[in-house]
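Coordinates in review
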Amino acid sequence: APSRQPTAGEAVLAPYHHNRALPLARLEEFEPALAEYRRALELDAGSERAHRMYAAMLSCVGRTQEALAQIHQAHELNLLFGPGHDMAALIWFNAHQYDQSAQQANQLLELEPASVPGHEDLGSAYLFQGKFDEALQEFEIAMHNGGGGAFQRVLLGAAYARSGNRGLALQQLRSLQRMSE
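One structure accompanies this document, and this report is about it. Being a predicted model, the structure only gives us computed values, none of them experimental.

Along its 13 residues, helix α7 (residues 116–128) runs 18 Å from first to last C-alpha, staying within 8% of the 18 Å computed at 1.5 Å per residue. Within α7, 11 of the 13 residues are buried, leaving the element largely enclosed by the surrounding structure. Buried residues of α7: Val116, Gly118, His119, Glu120, Asp121, Leu122, Gly123, Ser124, Ala125, Tyr126 and Leu127, and no others. Those residues of α7 that are buried lie in contact with α5 (85–94), α6 (98–111), α8 (132–146) and α9 (150–162). Capping of α7 at its N-terminal end is provided by Ser115; its side-chain oxygen lies 3.0 Å from the backbone amide nitrogen of Gly118.

Moving on to the side chain of Asp121. Along the chain, Asp121 turns up in helix α7. In this structure, Asp121 is buried with no salt-bridge partner, the nearest side chain bearing the opposite charge being Arg52 at 12 Å. Contacts of Asp121, omitting those with residues within four sequence positions, involve Asp86, Ala89, Ser101 and Ala105.

Mapped onto the elements of the fold, Arg38 is located in helix α2 (residues 30–43). Distance from Arg38 to Ala50, taken between C-alpha atoms, is 8.9 Å for residues 12 residues apart in sequence.

Here the focus is the side chain of Ser115. With respect to the helices and strands, Ser115 occurs in the loop between α6 and α7. Within the structure, Ser115 has its side chain in polar contact with the backbone nitrogen of Gly118 (distance 3.0 Å). Non-local contacts of Ser115, meaning those with residues more than four positions away in its chain, are made with Leu108 and Leu109.

Here we take up the environment of Thr7. Locating Thr7 in the fold gives a position in the segment before α1 (8–26). Overall, Thr7 belongs to the partly exposed group, its relative accessible area being 43%. Thr7 sits 36 residues away from Leu43 along the chain, and the two C-alpha atoms are 8.5 Å apart.

This part takes up the nonpolar core. Side chains of a nonpolar character, in soluble globular proteins, are inclined to be buried together. Core analysis: the largest hydrophobic core is formed by 19 residues, its most contacted members being Leu122, Phe139 and Leu156. Mapped onto this core, the elements with two or more residues apiece are α5, α6, α7, α8 and α9. Leu156 has contacts with Leu136, Phe139, Glu140, Met143 and Gln172, leaving out every residue within four places of it along the chain. In this structure, Ala21, Leu34, Leu41 and Met87 belong to the second largest nonpolar core, which totals 18 residues.

Time to look at the packing of aromatic side chains. To describe a pair of aromatic rings, one takes the distance between the centres and the angle between the planes. Applying the stated criterion to the full structure yields 3 aromatic pairs. With 5.2 Å between their ring centres and 85 degrees between their planes, Phe93 and Phe128 make a pair best called edge-to-face. Here Phe93 is found in helix α5, whereas its partner Phe128 is found in helix α7, with 35 residues between them in sequence. Note on Phe128: relative accessible area 40%, which makes it partly exposed. Among the aromatic residues, those joined into a ring-pair cluster are Phe93, Tyr98 and Phe128. Positioned above the aromatic ring of Phe128 is the side chain of Arg162, whose terminal nitrogen or guanidinium carbon lies 5.1 Å from the ring centre.

Further remarks concern the packing of α7 against α8. Where α7 contacts α8, the two axes come as close as 8 Å, and the packing angle between them is 160 degrees. Here α8 runs roughly antiparallel to α7, going by the angle between their axes. At the point where α7 passes α8, the crossing takes the left-handed sense. Of the residues in α8, those touching α7 at Val116, His119, Glu120, Leu122, Gly123, Ser124, Tyr126 and Leu127 are Phe132, Glu134, Ala135, Glu138, Phe139, Ile141, Ala142, Asn145 and Gly146. Considering only residue class, the contact of α7 with α8 consists of 9 nonpolar, 5 polar and 3 charged.

Reading the values: rules and limits
- Residues numbered from 1 in each chain as written.
- Predicted model: local features only at pLDDT ≥ 70, side-chain atom pairs only at ≥ 80, totals over all residues.
- Heavy atoms only, no water.
- Helix = DSSP H or I, 4+ residues; strand = E, 2+ residues; numbered from the N terminus.
- Expected span 1.5 Å × (residues − 1).
- Buried < 20%, exposed > 50% of the residue type's maximum accessible area, 1.4 Å probe, protein only.
- Contact = heavy atoms within 4.5 Å.
- Polar contact = N/O pair within 3.5 Å; in protein donor to acceptor, adjacent residues only side chain to side chain.
- Lys, Arg positive; Asp, Glu negative; His and termini not counted.
- Salt bridge = Lys/Arg side-chain N within 4 Å of Asp/Glu carboxyl O.
- Core = buried A, V, L, I, M, F, W, Y, C linked by side-chain atoms within 4.5 Å.
- Phe/Tyr/Trp six-rings, centres within 6.5 Å; stacked < 30°, edge-to-face > 60°.
- Lys NZ or Arg CZ within 6 Å of the ring centre and 35° of its normal.
- Axes fitted to C-alpha atoms, helices over the stretch in contact; angles between N-to-C directions.
- Parallel < 35°, antiparallel > 145°, perpendicular 65-115°, else oblique.
- Left-handed = near helix turned anticlockwise from the far one by under 90°.
- Nonpolar A, V, L, I, M, F, W, Y, C, P; charged D, E, K, R; others polar.

Below is the structure:
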C-alpha cells in the first residue's frame, strides 16, 4: 500500500530526527540513533533516503535481515534507486558474509559495469576472503573510474598491505599525505 504524504509539520520533523541520528551514530550511540531513525520513518514512511539510512544503521548493529528489508522498502519507494545492490553488498559485508556481499556487488556491476561502489564493494569482499589479486584488480578499476580519490587510495593501499606489498602500500599512503597538504 502506498504511504500517506506527511503533514507539513511531519515533513519538517522527519529530517530533524534523521539529522539527530547522524552524530549519535558517529559516537557509536547505536540504540539512540536507531530510535531517531525509527522516529523519522514514523513521520515520513515514504522517504527512500530514510529507509536507506536506517538500513545502514541496522547493518552496523548486526541486524542484517531488517537492514535488507529496509533496502527493499527503499527500492519499492523509488524504483530509480535501483535494486539496492550496493547497500545490500555493504550490509552483507558488515555481517561478515563476504560471498553474499560479492554476489550483490557482481549484480550491481552487471547493471552498471563502471560503478565505482560496485568495484569497491567487490574488492572489499575479495580482500576479506583473502583473494588479494582479485581485490587489487577491483580497487584499481575503482581508482580509474572514480578519479583516484582518497577513499579509493585507502582501499588500494589496504589491499597492497594485506597482500604483503609494503612498497606499494606506502606509495598509496604518501599519495594520501600529499592530497591532504
